[in-house]
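# Observations on the three-dimensional arrangement
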Amino acid sequence: MSSRSASTHQDGKTLQSDLKVSQKRTDLNVKLPAQEKKVELGKKVTLLRGISIIIGTIIGAGIFISPKGILRNTGSVGMSLVVWIACGVLSLFGALSYAELGTCIRKSGGHYTYIMEAFGPQMAFIRLWAELIAIRPAAMAVISLAFGQYILEPLFMPCAIPPMAVKLATTIGITSVMYLNCMSVTWTARIQILLTFSKLLAIIIIIVPGVYLLFKGETKNFEDAFDLTNINLSGMPLAFYSGMYAYAGWFYLNFVTEEVENPEKTLPLAICISMAIVTSCYVLTNIAYYTVISAEELLASDAVAVTFAERLLGNFSIAIPVFVALSCFGSMNGGLFALSRMVYVASREGQLPEVLSMIHVRRHTPLAAVLILYPMTVIQVFVGDIYSLLNFMSFLRWLFIGVVVLGLIYLRYTKPDLPRPFKVPLFIPVVFCLTCFFMVFLSLYSDPVNTGIGFAISITGIPAYYVFIHFNNRPKWLQRAIGNQLHPNHCSFSLHESRSCTDADRCIYFDQTLGFTFLMFVLFS
């Protein structure tokens, strides 16, 4: 074979090889855009992050500012400590019940999802309605106002802080939390871990000197600790309300079940560790308070932790308001992270507009579900006196939590073959459920006005469900406003299945309309 023919043959092989490679590349380029890539919430919540979400959300401003609600309604130091312990045990019972629900119903959404699976879409919508209209805006506004108050206190000491300055600082705090939750799940979880450690550090700063003085013999405030002469039985439900409100937050990890790594093990373990830490910290913190402050002084104080620090820590007391502000910011961050997932799931179930179930294509965050909470919270901040909302908020919260745990008992009998990797003894949900309903019904006697308002708000969810969800023959203007997708049967998937967005065009459209959505939220706020 001549050198020319050999060269030609070699060039032919090279050309053929190049054509094959080029064809493979062309096929690859054709196939890649055709593949539907799932856009979904990633599993980024580890055990440590789960613990930080629970602890960081439970420990808010209450333990630092005003534990006097329990003391006022129990009438004695000893009984107040008993109530703190009892509320911790009851919260553990509720948390273990939710752990079973979270491992057998592996969908995010918390209360809403479990009521949906047990009792159907109508009851779930009433829970969603009460959460969005009354419970969440009031709770978020109160904890945010506490943040604004205490972040400014070191700057204005010893003068009073102007109310408008508090509201502006509160709005800045809410906006920063919203921005953080919109941008990254990973950074939200990391900052939550940091804030959780700062809370525990603040509690240690209170516990260590208080317990040290107790061991040195400072026990005068514990004399006649169980004096029962001042006990008012009608106030006991309110005392448990105060205690259970301080422990509220153990259920927030269930709102993000789909983002938890290995939820069968992580969820129960995170809940048990968190509740043990929080209960120990709460009881020891109250013991430290009573070691330094008498019961009368505690009832007269508006900020128990600051009074404690001024009495014992001297110039270092200026750091306590900063720690309280960080604690409030952590509760804001953890609560928003969890509640936005409930909105996301409710939209995915077809009970809220479809845009709220869309996930950002790059950041993998339910951005619209986060932003929907912004205007309602800011409006509550600027309305004025919102603290009266807390009474009926507690009524609604524990009413529906009792319904959720009742649903666990109901599912034990209606779906006995449902896989339950983590199963609690039946007496735990029974005791917790009865306690919830006992507190709710006694509160109707203790505070009928606020609980009646709360009950009326929840009842308004019934006509709202039939107007916006149930009827198919809605007026055309209403269909255009809320979308034809709002129907209880719009989405149907099994207990163990979580649906994700697989339509790339839908997600790209969502990315393009974020600016308009955010503008509308700002205008409403």
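Remember, predicted model here, so these are calculated numbers, not experimental data.

This paragraph deals with the overall build of the chain. Within the chain, the regular secondary structure consists of 23 helices and zero strands. Within the chain, the proportion of its 525 residues that are buried is 56%. Looking at the chain alone, contacts between residues at least 24 apart form 83% of all its contacts between residues at least 6 apart. When the accessible surface of the chain is totalled, it reaches about 23,100 Å², and 65% of it is carbon and sulfur.

At a minimum axis separation of 10 Å, helix H8 (residues 163–183) and helix H16 (residues 373–383) run at an interaxial angle of 170°. Relative to H16, the element H8 is oriented roughly antiparallel. H8 and H16 meet at a crossing whose hand is right-handed. Each of Met164, Lys167, Thr170, Thr171, Ile174, Thr175 and Met178 in H8 lies in contact with H16, whose residues at this interface are Leu373, Tyr374, Thr377, Val378, Val381 and Phe382. Class assignment for the residues of the contact of H8 with H16 results in eight nonpolar, four polar and one charged.

The next thing to look at is helix H6 (residues 111–119). Within H6, eight of the nine residues are buried, which leaves it mostly tucked inside the rest of the structure. Looking only at H6, the buried set comprises His111, Tyr112, Thr113, Tyr114, Ile115, Met116, Glu117 and Ala118. Of the residues one or two after H6, Gly120 is the one with positive phi, at around 100°.

A separate point is the pattern of salt bridges. Evaluated as defined, the whole model comprises six salt bridges. Between Glu100 and Arg420 there is a salt bridge, with its nearest N and O atoms 3.4 Å apart. With Glu100 in helix H5 (residues 77–104) and Arg420 in the loop between helix H17 (389–414) and helix H18 (427–446), this pair connects stretches of sequence that are 320 residues apart. Assigned by exposure class, Glu100 and Arg420 land together as buried. Here Arg311 ties to Glu297 by a salt bridge, and the two come within 3.4 Å at their closest N and O atoms. A residue pair is termed long-range when its members are at least 10 positions apart, and Arg311 in helix H13 (residues 304–312) and Glu297 in helix H12 (residues 295–300) qualify at 14 residues.

Inspection of the entire model under this criterion finds 19 aromatic pairs. Taken together, a centroid distance of 6.5 Å and an interplanar angle of 45° make the contact between Tyr98 and Phe251 tilted. One end of the pair, Tyr98, is in helix H5; the other, Phe251, is in the loop between helix H10 (236–247) and helix H11 (263–292), and 153 residues separate them in sequence. With respect to burial, Tyr98 and Phe251 carry one shared label: buried. Measuring from ring centre to ring centre gives 5.9 Å for Tyr289 and Phe308, while their planes differ by 70°; the resulting arrangement is edge-to-face. With Tyr289 in helix H11 and Phe308 in helix H13, this pair connects stretches of sequence that are 19 residues apart.

This brings us to the side chain of Ser198. Following the sequence through the fold, Ser198 ends up in helix H9 (residues 185–215). Ignoring anything within four residues of it in the chain, the contact list for Ser198 reads Phe323 and Leu326.

This part covers the side chain of Ser97. For Ser97, the position within the fold is in helix H5. In this structure Ser97 comes out as buried when scored by relative accessible area, which is 0%. Other than its neighbours up to four places away in sequence, Ser97 contacts Val405, Leu408, Ile428 and Pro429.

Packed helices, taken two at a time, are described by the angle their axes make and the gap between the axes. For the pair H6 and helix H7 (residues 121–156), interaxial distance at closest approach is 7 Å and the crossing angle is 160°. In terms of their interaxial angle, H6 and H7 are classed as roughly antiparallel. Crossing handedness for the pair H6 and H7: right-handed. Taken together, the residues of H7 that come into contact with H6 (itself represented by His111, Tyr112, Ile115, Met116 and Phe119) are Pro121, Met123, Ala124, Phe125, Arg127 and Leu128. Residues that form the contact of H6 with H7 fall into these classes: nine nonpolar, one polar and one charged.

The end-to-end C-alpha distance of H10, which contains 12 residues, comes to 17 Å, matching closely the 16 Å that a straight helix rising 1.5 Å per residue would cover. Most of H10 sits inside the fold, with nine of its 12 residues counted as buried. Of the residues flanking the end of H10, it is Gly249, one or two places downstream, whose phi is positive at about 135°.

What follows concerns the confidence of the model for the chain. The share of residues in the chain with pLDDT of 70 or more is 78%, and the mean pLDDT across the chain is 76. Across residues 1–36 the pLDDT falls below 50, and counting only partners more than four positions away or on other chains, this stretch makes two contacts in the model. Note that pLDDT drops below 50 for residues 484–525; the model gives that stretch 92 contacts with residues more than four away or on any other chain.

About the cut-offs
- Residue indices begin from 1 for each chain and proceed along its sequence in written order.
- For this predicted model, a pLDDT threshold of at least 70 governs which residues receive local features, and a threshold of 80 or more governs which side-chain atom pairs are given and counted, while totals over whole chains, interfaces and linings are taken from all residues.
- The side-chain numbers reported here are obtained from all heavy atoms of the structure, hydrogens and water having been left aside.
- Secondary structure is summarised from DSSP: a helix means a run of H or I of at least four residues, a strand means a run of E of at least two, and numbering begins at the N terminus for each.
- Exposure is judged per residue with a 1.4 Å probe applied to protein chains only, and the accessible area is read against the type maximum: over 50% gives exposed, under 20% gives buried, and values in between give partly exposed.
- In what follows, a contact means two residues having at least one pair of non-hydrogen atoms within 4.5 Å.
- Accessibility throughout is a Shrake-Rupley quantity obtained with a 1.4 Å probe, and a residue counts as covered only by protein chains that appear here.
- Here the axes come from fitting lines to C-alpha atoms, over the contacting stretch only for helices, and the angles between their N-to-C directions go from 0 to 180 degrees.
- Angle categories: roughly parallel below 35 degrees, roughly antiparallel above 145, roughly perpendicular from 65 to 115, and oblique for all the rest.
- For any helix crossing, the convention is left-handed if the near helix is rotated counterclockwise from the far helix by under a right angle, and right-handed if that rotation is clockwise.
- Under the grouping applied here, Gly and all other residues not named as nonpolar or charged are polar, the nonpolar ones being Ala, Val, Leu, Ile, Met, Phe, Trp, Tyr, Cys and Pro and the charged ones Asp, Glu, Lys and Arg.
- Counted as salt bridges are all cases of a side-chain nitrogen of Lys or Arg within 4 Å of a carboxyl oxygen of Asp or Glu.
- Only centres within 6.5 Å qualify two rings of Phe, Tyr or Trp (six-membered ring in Trp) as a pair; their planes then separate them into stacked at under 30 degrees, edge-to-face at over 60, and tilted for everything else.
- Here the expected length of a helix is defined as 1.5 Å per residue gap, with one fewer gap than residues.
- Per residue, pLDDT measures the predictor's confidence, with a range of 0 to 100.

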